[in-house]
Each structure stands twice: as structure tokens, then as C-alpha cells.
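If you want the building blocks of each chain, they are given just below.
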Amino acid sequence: MAFDPASLTFDARGLIPAIAQDHATGEVLMMAWMNAEAVARTLETGRVTYWSRSRQAFWVKGETSGHVQRLIELRIDCDRDCLLLLIEQEGPACHTNRRSCFYTALREGEERIVLDPMV
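Residues numbered from 1 in each chain as written. Predicted model: local features only at pLDDT ≥ 70, side-chain atom pairs only at ≥ 80, totals over all residues. Heavy atoms only, no water.

**Looking at the overall build of the protein chain**
Across its full length, the protein chain carries one helix and eight strands. In terms of overall size, the protein chain behaves like a compact globule, its C-alpha atoms giving a radius of gyration of 15 Å where 119 residues would be expected to give roughly 14 Å. The principal-axis extents of the C-alpha atoms in the protein chain amount to approximately 45 × 30 × 30 Å. The buried share of the protein chain, taken over its 119 residues, is 35%. Considering only intrachain contacts with a sequence separation of at least 6, the fraction spanning at least 24 residues in the protein chain is 38%. Carbon and sulfur atoms provide 51% of the accessible area of the protein chain, an area that totals close to 7200 Å². Charge separation in the protein chain, taken as the distance between the mean sites of 13 positive and 17 negative side-chain charges, equals 4 Å. (Helix = DSSP H or I, 4+ residues; strand = E, 2+ residues; numbered from the N terminus. Rg over C-alpha atoms; globule rule 2.2 N^0.38 Å. Buried < 20%, exposed > 50% of the residue type's maximum accessible area, 1.4 Å probe, protein only. Contact = heavy atoms within 4.5 Å. Areas by Shrake-Rupley, 256 points an atom, 1.4 Å probe, with all protein chains shown as cover. Lys, Arg positive; Asp, Glu negative; His and termini not counted. Charge placed at Lys NZ, Arg CZ, Asp CG, Glu CD.)

This is the structure:
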């Protein structure tokens, strides 16, 4: 059966959360938003494309930074309202130059930085 991005459940703004996970290690790297066109572009090109809410524009991951995300597999959750992107990440995924955007942990009631920027 052919996939149609319109079959996904988008929020009132036409967006769906997309979690980027390293396909080889299982490490969760980041979360961003996609609309139906971003999903279609990602599937067409193999380069992960998000929708930037702040810029109100498409954002091809790595287009300016060189930290490219290549799609290995797209998975859809049971409610069709969240995507899991199994990717190959080149360089850091986070704009803070860290491998993952999830670099702050709550430990013993306090926030701790657990991942340093990449050099």
C-alpha cells in the first residue's frame, strides 16, 4: 500500500513531532517538527527536512551547518501522530554543537549537563 503523508495526524498548525534517532546506536538525537510537505521532501530526497516554526520555512538538516541527517527508515507511531526517523547523522545533531539535543539530565533534583560540545 502506497504511503500518503496526508494520512498522518497533524496538529492544528499542520505539524507532527519527529524524533531523530541514530539508526546504528539507538541514541535519541533530537526532536523537531514536520508538516506533510517536509515528510514528502524527506522521503523524496533522503535528506531529513523539518519545518522551522521560528523561521516559518523548510529546514533541510545540515544545509548550512554540514551536519547532515540521512533517512534510513521512517516509522509511524500507533496513533499516526508522531514520527520516528532512523537516521545517519553526520557531526552533531544539536545547534549547541553536541551530538544530541538531550544533553541536560535531572539528577538528584538538579539539572546537570551530561554531554559536552563536540570539538
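**Observations regarding the nonpolar core**
Grouped together as the largest cluster of nonpolar side chains are 18 residues, with contacts concentrated most on Met 34, Tyr 50, Leu 83 and Leu 85. Only strand 1 (16–22), strand 2 (28–34), helix 1 (36–45), strand 5 (69–76) and strand 6 (83–89) provide two or more residues apiece to this core. Top contributing element to this core by residue count: strand 2, with four residues. (Core = buried A, V, L, I, M, F, W, Y, C linked by side-chain atoms within 4.5 Å.)

**So, the layout of surface pockets**
Quantified by volume, the largest pocket comes out at close to 250 Å³. Surrounding the largest pocket, 14 residues form its lining, Trp 59, Lys 61, Ala 93, Cys 94 and His 95 being those nearest its centre. Tallied by class, residues from the lining of the largest pocket come to six nonpolar, five polar and three charged. A volume near 190 Å³ is recorded for the second largest pocket. Forming the boundary of the second largest pocket are Met 30, Met 31, Ala 32, Trp 33, Trp 51, Ser 52, Arg 53, Ser 54, Arg 55 and Trp 59. (1 Å grid on protein atoms, 1.4 Å probe; cavity = no way out; pocket = protein on both sides within 12 Å on 5 of 7 lines; lining within 4 Å. Points joined across faces, edges and corners; volume = space filled by probe spheres on them. Nonpolar A, V, L, I, M, F, W, Y, C, P; charged D, E, K, R; others polar.)

Interpretation note: all reported values are geometric properties and have no functional meaning in isolation.
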